[in-house]
Amino acid sequence: MRFVDARGLWWPLAFSSQLDDRPLAVVLAGERLALFRDGAGTPRAVFDRCPHRGVELSQGRVAADGCLECPYHGWRFDGGGRCVDVPFNPGAKLDRLGVGAMATVERGGLIWVFADEQASAEDPRVLAGPDLPDSLEQPGLRRREAEFVWRCHWTRLAENMLDVAHLPYVHRATIGKRLRDATGRSLAQHVEDRDFGFEIHWDETGERDLQDPAARSGAYLGWYRPCLSMLVLSGPQGIYRQHMMSVPGAAGETRLLLVSARRFVAGVDMPLWPAMNWYEDRIINEDRRIVESSDPAIAPPPADERSVPSDAATLRFRKWYWAHRRSLAEGVTS
Ligand code: FES
Ligand SMILES: [Fe+2]
C-alpha cells in the first residue's frame with residue numbers, strides 16, 4: 001500500500017518559503033513526490049516518477065502554462081497529474097499517460113499533502129483539510145523554521161514530543177531541570193480531547209486541580225492529528241509556541257519540521273533570538289540518539305510495552321495510531 005501507515009492523512013511536507021517557481025523533491029513515507037506551483041501559484045503534488053521512462057519529474061521545470069515538464073522528453077503534466085502534451089506525438093492518447101496526484105493545500109506557511117492519490121476532491125477528509133493550530137496562521141508572531149532528520153519511525157518521534165516524564169532525564173540540564181525535584185511525587189496529567197486531537201496539562205507540584213482551567217499553568221501541549229505537537233509557554237516575557245511535526249520520510253528516516261512562533265516584549269526580542277535558536281537545537285538533539293534506539297521501531301499498541309500513569313498522553317497517541325492502522329487494514333476510507 002502506498003504511503004504505508006501515513007495513508008489517508010494530511011502531512012506537512014515543506015515550508016512555503018522552500019517552494020518557489022521550481023519543482024521540489026520530497027519523500028513521504030517512502031514515496032517520492034514532486035511539489036510545484038501551478039500557473040495560479042497553488043501548490044501541487046504528483047508522484048516524482050515520469051510514467052514514460054521513470055525519471056524524476058522534480059528534475060524538470062515548471063513551464064509557462066504552470067504545468068510540470070519532464071526533464072527527459074518534455075511531457076507536460078497539470079496540477080491534477082493529467083498529461084497535457086507529448087512532444088512529437090500530437091495524436092497521443094493523453095488520458096492514459098497521466099501521473100498520480102495528491103490533494104495539496106498551503107496553510108500556516110506550510111505545504112500540506114493528503115496521502116492518497118485515489119481520494120477525490122469531494123472526499124470529506126480532503127475537504128476537511130489539515131488540522132493545525134491558529135498560532136501557525138496568526139499574524140504578528142515572528143517565526144523560526146528548521147528541519148532535522150532522525151533515524152527512527154515517525155511514531156517514536158511524535159510521542160517523544162508528548163512525553164513529559166522524560167524531561168528531568170533527557171533534558172536534565174535544560175528544560176527538565178525544574179522537574180528534577182519532583183520525581184518522587186506523582187505527575188498529575190490531564191488529557192483533554194479536542195476536535196483536532198487533544199491537549200495535555202500537567203502539574204508537578206501536586207497542588208493544582210487540573211480539571212479547573214483557571215488553576216492550570218500557562219504551559220501546555222496540544223496534539224494535532226496526525227503528527228503536530230505544539231508546546232505553549234506564555235509568561236511576562238511574551239509568547240512562545242513551538243510546533244513540531246514528525247513526518248515519515250525516506251526508509252528509516254523521519255523529518256522533524258520545527259516552526260517556533262514567538263513574540264517577546266520590546267527590547268528583548270532581537271538579543272534573545274539567536275540564543276533561543278541555539279537552545280531549541282540543543283534540546284532537540286538531546287532527544288535524538290535516545291529515541292533513535294527505540295525497539296521495536298514502531299510505537300507498539302498500548303498494551304505491548306510496560307506503561308505507567310505518567311504515560312497517559314503517549315498512550316492516547318498510540319490508541320489513535322493503532323485505530324488508524326486498523327481502519328487502513330479494514331479498507332475503511334473515511
Ligand atoms: S521520461 Fe518523462 S517524458 Fe520521457
Ligand atoms: Fe525531549
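Residues numbered from 1 in each chain as written. Chains lettered and ligands numbered in written order. Predicted model: local features only at pLDDT ≥ 70, side-chain atom pairs only at ≥ 80, totals over all residues. Heavy atoms only, no water.

Participant: Explain the overall build of the protein chain to me, using residue names and the numbers behind them.
Facilitator: Each helix and strand counted, the protein chain has five helices and 18 strands in total. A compact globule built from 334 residues should have a C-alpha radius of gyration of about 20 Å, and the protein chain, at 22 Å, falls within 12% of that. Here the C-alpha coordinates of the protein chain stretch approximately 75 × 50 × 35 Å along the principal axes. Here the protein chain holds 334 residues, and the buried ones make up 50% of them. Considering only contacts in the protein chain between residues 6 or more positions apart, those separated by 24 or more positions represent 56%. If you sum the accessible surface of the protein chain, you get close to 16200 Å²; carbon and sulfur atoms cover 50% of it. Within the protein chain, the 46 negative side-chain charges are centred at a point lying 3 Å from the centre of the 42 positive side-chain charges. (Helix = DSSP H or I, 4+ residues; strand = E, 2+ residues; numbered from the N terminus. Rg over C-alpha atoms; globule rule 2.2 N^0.38 Å. Buried < 20%, exposed > 50% of the residue type's maximum accessible area, 1.4 Å probe, protein only. Contact = heavy atoms within 4.5 Å. Areas by Shrake-Rupley, 256 points an atom, 1.4 Å probe, with all protein chains shown as cover. Lys, Arg positive; Asp, Glu negative; His and termini not counted. Charge placed at Lys NZ, Arg CZ, Asp CG, Glu CD.)

Participant: Provide a residue-level description of the sheet that holds strand β15 (residues 220–224), including the pertinent values.
Facilitator: Sheet strands associate in pairs through backbone hydrogen bonding, adopting either a parallel or an antiparallel arrangement. Taking strand neighbours across the sheet as the criterion, the seven strands line up as β12-β18-β17-β16-β15-β14-β13 in an open arrangement whose pairing is antiparallel. Of all the strands in the sheet, the pair left with one neighbour each is β12 (142–150) and β13 (188–194). The average angle at which neighbouring strand axes cross in this sheet is 15°, direction not considered. Looking at chain direction, β13 and strand β14 (residues 197–203) are connected through seven bridges and run antiparallel. Residue pairing for β14: A188 is matched across the bridge by D203. (Pairing = 2+ DSSP bridges. Axes fitted to C-alpha atoms, helices over the stretch in contact; angles between N-to-C directions.)

Participant: Could you give an account of the environment of V4, naming the residues involved and the relevant values?
Facilitator: Relative to the helices and strands, V4 resides in the segment before β1 (10–15). With 26 residues separating them along the chain, V4 and G30 place their C-alpha atoms 8.3 Å apart. Ignoring anything within four residues of it in the chain, the contact list for V4 reads A29 and L328.

Participant: Can you break down helix α4 (residues 269–292) residue by residue, with the values?
Facilitator: With 24 residues, α4 should cover 34 Å at 1.5 Å per step; its first-to-last C-alpha distance of 34 Å lies within 8% of that length. Among all positions of α4, only D269, W273, M276, N277, E280, I283, I284, E286, D287 and V291 are buried. Where α4 is buried, its residues contact β12, α2 (154–160), α3 (167–170), β17 (238–248) and β18 (254–264). (Expected span 1.5 Å × (residues − 1).)

Participant: Give me unusual backbone geometry: which residues, what numbers.
Facilitator: Trans peptide bonds make up most of the peptide bonds, and negative phi angles are found at most residues other than glycine. Looking along the chain, the bond that leaves R225 and enters P226 is cis, with omega of -10°. The residue P226 is located in the loop between β15 and β16 (228–235) in this model. The omega torsion across D295 and P296 is 0°, close enough to zero to call that bond cis. Structurally, P296 is set in the loop between α4 and α5 (312–329). Positive phi, normally seen in glycine, also occurs at A29, with a value near 50°. Mapped onto the secondary structure, A29 falls in the loop between β2 (24–28) and β3 (31–37). The backbone of F88 shows a phi angle near 70°, a positive value even though the residue is not glycine.

Participant: Go over the nonpolar core, please, and point to the residues and values.
Facilitator: Counting residues in hydrophobic clusters, the biggest one holds 72 residues, and the most contacted among them are W11, L13, L28, L33 and L35. Among the nonpolar cores identified, the runner-up in size contains 11 residues, and A146, F148, W150 and C152 belong to it. (Core = buried A, V, L, I, M, F, W, Y, C linked by side-chain atoms within 4.5 Å.)

Participant: Any chance you could break down the sheet that holds β3 for me, citing the residues and the numbers?
Facilitator: Taken together, four strands build an open sheet; the order of strands is β2-β3-β4-β9 and the sheet is antiparallel. Sheet topology places β2 and β9 (101–102) at the edges, where each strand pairs with a single neighbour. Here β2 pairs with β3 via five bridges, running antiparallel. Residue pairing in the sheet places V26 in a bridge with L33 of β3.

Participant: Any details on the domain arrangement of the protein chain? Residues and values, ideally.
Facilitator: Structurally, the protein chain comprises domain 1 (4–128) and domain 2 (134–327). Here the C-alpha centroids of domain 1 and domain 2 sit 32 Å apart. With 22 residues of domain 1 at the contact, the number on the domain 2 side is 25 residues. Summing both sides of the interface, domain 1 and domain 2 together bury roughly 1700 Å²; the carbon and sulfur share of this comes to 61%. Seen at the junction of domain 1 and domain 2, the total is two salt bridges. Put simply, D5 and R325 hold a salt bridge, and the shortest N to O gap is 4.0 Å. (Domains from an automatic or database assignment. Buried area = accessible area lost by both parts, 1.4 Å probe. Salt bridge = Lys/Arg side-chain N within 4 Å of Asp/Glu carboxyl O.)

Participant: If you had to explain the coordination of the iron ion (ligand 2) to someone new, which residues and values would you point to?
Facilitator: All of the protein donors around the iron ion (ligand 2) are H166 (NE2), H171 (NE2), D287 (OD) and D287 (OD); their distances to the metal are 2.1 to 2.3 Å. Mapped onto the sequence, the residues coordinating the iron ion (ligand 2) show the spacing H-x4-H-x115-D. Of the two residues, H171 sits in the loop between α3 and β13 while D287 sits in helix α4, which places them 116 residues apart along the sequence. For H171, a relative accessible area of 1% gives the class buried. With relative accessibility at 5%, the residue D287 sits in the buried group. (Donors = N, O, S within 2.8 Å, 3.2 Å for Na, K, Ca; no water.)

Participant: Outline the packing of aromatic side chains, listing residues and values.
Facilitator: Taken as a whole and judged by the stated rule, the model has 13 aromatic pairs. Summarising the aromatic geometry, the rings of F3 and F47 are spaced 5.9 Å apart at their centres and angled 25° between planes, so their arrangement reads as stacked. Highlighted residues: F3 in the segment before β1 and F47 in strand β4 (residues 43–47), separated in sequence by 44 residues. Here F3 and F47 have matching classes, each one buried. Joined through ring pairs, the aromatic side chains of W11, W154, F198, W223, F317, W320, Y321 and W322 make up one cluster. Here R2 stacks its cationic end above the ring of F47, 3.8 Å away from the centre of that ring. Over the ring of Y169 we find R180, and its NZ or CZ is 5.4 Å from the ring centre. (Phe/Tyr/Trp six-rings, centres within 6.5 Å; stacked < 30°, edge-to-face > 60°. Lys NZ or Arg CZ within 6 Å of the ring centre and 35° of its normal.)

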